[in-house]
Structure formats: structure tokens, C-alpha cells
Amino acid sequence: MIYAVIPLTDTVRRAVKEMWGADGHGEALRLHGGEESAAYQLGDHVVRIGPESRGSEETEWCHAVARHAADRLPEAVAPLTTFDGATVTRVEGRPVSLWPLVQGRWPQESEQALPAARLLARLHNALSTARPGPRPVRSFAEYGLLGAEDGPGGHGGLDDPDLDLWLTEFHRTHASRHPLHGDYYAGNTLVRGDVLAAVLDWDESFVGAPEYELAAAATEWGEDEPHLVRRFVDAYLDEGGTAADLGDEALAQLIRHKLRREAAYFEVSVARGVRHDQEDLDYHHTRLELFHSLRP
């Protein structure tokens with residue numbers, strides 16, 4: 001994967017000083033990761049520069065979700081506010097935000113799966129009281145989540161009318177909704193020592209059924225292994241998360257929705273000119289195979 005190439009320009013540095021009062025000078029370290037955004041360590045802060053296509057209103061909405069979580073959960077990392085109370089400013093057409101630096105490293109799923117499940121349960125409880133209003137722009141994961149009535153939104157070649165009908169019925173019978181992180185996987189967390197210390201990157205936050213995020217997170221942290229996926233779900237439920245228990249069919253179908261949104265995003269990224277290496281292509285094909293193998 002070729003990560004986003006977005007420089008930390010002198011104009012961005014000046015904006016950091018003017019809008020947040022933070023030192024915009026000094027050596028900047030490009031932090032690893034970021035398919036659409038770039039993050040730079042600058043002193044005790046992280047400067048995050050998003051894509052031109054992401055609007056400020058959408059970004060502020062996601063930041064409000066992060067701030068609500070951070071007020072109630074120490075692991076949730078939220079952006080800092082500017083002098084005028086915003087959390088984002090536009091520089092050279094891109095959304096720029098400033099975050100506290102959290103020391104840590106990406107965790108290994110196999111080592112941190114159960115702590116991650118328990119942290120997700122606490123995160124959902126923290127977010128269950130948030131009322132951010134409608135998201136200005138729909139999150140990519142939302143399309144098709146309500147089933148056939150929600151429109152196709154592109155399925156990456158994985159059209160499945162039976163899945164659409166199942167999702168429609170599931171969301172009719174599971175009416176609980178609250179804000180979700182939207183992309184809860186190891187790459188958006190940090191571990192310090194042996195403890196999960198941070199939940200990062202709220203760009204994909206949206207309001208939805210917590211069962212969806214539980215299923216999506218379980219397959220990520222469970223590395224697609226059925227018994228590990230189930231262990232993740234059980235650990236989450238034992239911690240008292242807001243999602244209802246999921247039977248095998250519900251778990252499989254919600255995972256399949258996630259997989260076809262991944263396939264759709266893969267197609268979008270290719271259309272944008274993103275170059276994928278062989279490891280990315282192998283992973284993509286493995287996920288396509290998983291979509292079909294999980295069909296009830």
C-alpha cells in the first residue's frame with residue numbers, strides 16, 4: 001500500500017501556531033499509516049492533514065463524537081480545540097487538526113484481542129449517551145447497512161439480494177442506535193507496555209447499530225478465525241457492551257456486509273490511482289473468498 005503523500009508545509013505550520021498556539025517549528029516526523037490522511041509528530045502534538053474531499057463540517061461531526069468519548073473514557077483520544085472553539089481549520093484546501101501525542105505502538109491482534117473487546121464495550125457505553133445529530137456526509141460503511149431499502153452504494157462486485165433482505169430485517173428488529181467509532185481495528189489503537197492505551201482516528205464514525213461494529217471488530221481482532229471471533233464477542237458481552245448477543249448467522253451476515261464495503265472501497269481506491277502491492281492484492285482476494293465462505 002502506498003500511503004497518502006501529503007507534505008507538512010510551512011503554511012500548515014503557521015496555521016498550527018495561529019489557530020492553536022502550538023509551536024509549528026522544529027523537526028516533524030511522518031507517522032506510519034494513513035491511506036487518505038497524513039499525520040506528523042511535531043513536538044508534543046500530532047498534526048493531521050486530511051484529503052481535500054473531506055469537508056470541515058463532516059470532520060467536526062466526527063471530532064464531536066471523539067470528544068464525547070474522551071470525556072468518559074481515558075483511552076479515547078480527541079482533537080484539541082482552536083482559539084475559536086473549532087477542532088479543524090482548512091489549509092491549502094485540506095482539513096487540518098491538532099491532537100495530543102500519545103506514545104505507543106500498534107498492537108498484535110493475537111495478544112490484545114480480548115482487552116480490545118473489553119475496551120470496545122466500554123467505548124460503546126461511553127458513546128451511547130452522545131447525540132451528535134445527523135452526520136453531514138454518510139460514512140462509507142453505512143451504505144447498504146440497512147439492506148435493500150438503503151440503495152446499493154456499490155458492493156465491489158459482491159451483490160447479494162439475500163444479504164440485503166437479511167440486513168433490512170435485522171435492523172427492523174434491532175432498533176438500538178448510537179455513535180460508533182466506525183473503524184475499530186488494531187491500526188487505530190495503540191498499546192503501551194502490555195496495555196491498550198489509545199483509540200485513534202475517528203474519521204469513519206457514524207450512528208448505527210452497535211452489533212455491526214461488534215461483528216466488524218471481532219473479525220479484525222479475531223483474524224477471521226471463527227473461534228477467535230466468537231471469543232471476542234463473548235468478551236465484549238461479558239464487559240457489558242451495548243450490542244445484543246449475536247448468533248452465528250447474524251455474526252456472519254454482519255461480517256459479510258463489512259467485507260463487501262471493503263471490496264467497494266478497494267475499487268474506489270483503484271479508481272483514484274492507488275497502487276496496491278502483492279500483499280494487498282492477496283489480502284483483497286482472501287477477503288472476497290471469506291465473503292462467499294460465510295454465506296449461511
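Quick note: structure is the one above.
Since the structure is predicted, the reported quantities are computational estimates derived from the model, not experimental observations. (Residues numbered from 1 in each chain as written. Predicted model: local features only at pLDDT ≥ 70, side-chain atom pairs only at ≥ 80, totals over all residues. Heavy atoms only, no water.)

A. Examining the packing of helix H5 (residues 210-221) against helix H6 (residues 226-238) more closely. Axis separation between H5 and H6 bottoms out at 8 Å; the angle between their running directions is 135°. Put simply, H5 runs oblique to H6. Helix-helix and strand crossings are classified by hand; for H5 and H6 the assignment is right-handed. Between H5 and H6, the residues in contact are Pro-210, Leu-214, Ala-217, Ala-218, Thr-219 and Trp-221 and Val-229, Phe-232, Val-233 and Tyr-236, respectively. Of the residues contributing to the contact of H5 with H6, the split by class is 9 nonpolar, 1 polar and no charged. (Axes fitted to C-alpha atoms, helices over the stretch in contact; angles between N-to-C directions. Helix = DSSP H or I, 4+ residues; strand = E, 2+ residues; numbered from the N terminus. Parallel < 35°, antiparallel > 145°, perpendicular 65-115°, else oblique. Left-handed = near helix turned anticlockwise from the far one by under 90°. Contact = heavy atoms within 4.5 Å. Nonpolar A, V, L, I, M, F, W, Y, C, P; charged D, E, K, R; others polar.)

B. Structural context of the sheet that holds strand E3 (residues 45-49). Ordered in space as E1-E2-E3-E5-E4, the 5 strands form an open sheet in which the pairing is antiparallel. Looking at the sheet topology across the chains shown, the edges are occupied by strand E1 (28-30) and strand E4 (89-91). Each adjacent strand pair in this sheet contributes to an overall mean axis angle of 35°, direction not counted. Bridge count between E4 and strand E5 (residues 94-100): 3 bridges; the pairing is antiparallel. Considered in E5, the bridge of Val-91 is made with Arg-94. (Pairing = 2+ DSSP bridges.)

C. Examining the side chain of Glu-211 more closely. Its place among the elements puts Glu-211 in helix H5. Among buried charged residues, Glu-211 stands out as having no salt bridge; its nearest opposite-charge side chain is Arg-177, 6.0 Å away. The contact partners of Glu-211, leaving out residues within four places of it in the chain, are Phe-170, His-174, Ala-243, Ala-244, Leu-246 and Leu-254. (Buried < 20%, exposed > 50% of the residue type's maximum accessible area, 1.4 Å probe, protein only. Lys, Arg positive; Asp, Glu negative; His and termini not counted. Salt bridge = Lys/Arg side-chain N within 4 Å of Asp/Glu carboxyl O.)

D. Geometry of the pairing of strand E2 (residues 38-42). Most of E2 is tucked away: 4 of the 5 residues are buried. Looking at chain direction, E1 and E2 are connected through 3 bridges and run antiparallel. Its bridge partner lying in E2, Ala-28 is registered against Leu-42. Two elements, E2 and E3, share 5 bridges in a ladder whose sense is antiparallel. Within E3, the position partnered with Ala-39 by the bridge is Arg-48.

E. Structural view of the packing of aromatic side chains. Tallied over the full model, the rule gives 4 aromatic pairs. Here Phe-140 and Tyr-265 contribute two aromatic rings whose centre-to-centre distance is 5.6 Å and whose plane-to-plane angle is 80°, an arrangement assigned as edge-to-face. Of this pair, Phe-140 sits in the loop between helix H3 (109-127) and helix H4 (161-173) while Tyr-265 sits in helix H7 (residues 248-271), and the two are 125 residues apart along the sequence. An angle of 50° between the planes, with centres 6.3 Å apart, marks the rings of Phe-206 and Tyr-212 as tilted. Classification of Phe-206 by relative accessible area gives buried; the value is 1%. Sitting over the ring of Tyr-40, Arg-30 keeps its end group 5.9 Å from the ring centre. One cation-aromatic arrangement involves Arg-138 over Tyr-143; the distance from NZ or CZ to the ring centre is 4.5 Å. (Phe/Tyr/Trp six-rings, centres within 6.5 Å; stacked < 30°, edge-to-face > 60°. Lys NZ or Arg CZ within 6 Å of the ring centre and 35° of its normal.)

F. Structural detail: the packing of H3 against H6. With their axes 8 Å apart at the nearest point, H3 and H6 run at an angle of 45° to one another. What the angle tells us is that H3 and H6 run oblique. Remark: the crossing between H3 and H6 carries right-handed chirality. On H6, the residues touching Ala-113, Leu-114, Ala-116, Ala-117, Arg-118, Leu-120, Ala-121 and His-124 of H3 are Arg-231, Phe-232, Ala-235 and Tyr-236. Considering only residue class, the contact of H3 with H6 consists of 9 nonpolar, 1 polar and 2 charged.

G. Up close: H6. Between its terminal C-alpha atoms H6 stretches 18 Å, which fits the 18 Å expected from 13 residues at 1.5 Å a residue. Among all positions in H6, only Val-229, Phe-232, Val-233, Ala-235 and Tyr-236 are buried. Here the buried residues of H6 occupy an arc of 165° about the axis, which is enough to place them on one side. Of the exposed residues in H6, those oriented more than 90 degrees away from the buried face are Pro-226, His-227 and Asp-238. Just downstream of H6 lies Gly-240, where phi reads positive at about 85°. (Expected span 1.5 Å × (residues − 1). Arc of directions from axis to C-beta.)

H. Quick peek at unusual backbone geometry. We note that Asp-201 has phi near 60°; this positive angle belongs to a residue other than glycine. Summarising the element assignment, Asp-201 is placed in the loop between strand E8 (195-199) and strand E9 (206-208). Judged by relative accessible area, Asp-201 falls into the partly exposed class, the value being 22%. Of note, Asp-224 is a non-glycine position whose phi angle comes to about 65°, a positive value. Among the structural elements, Asp-224 can be located in the loop between H5 and H6. You can call Asp-224 partly exposed: its relative accessible area is 25%.

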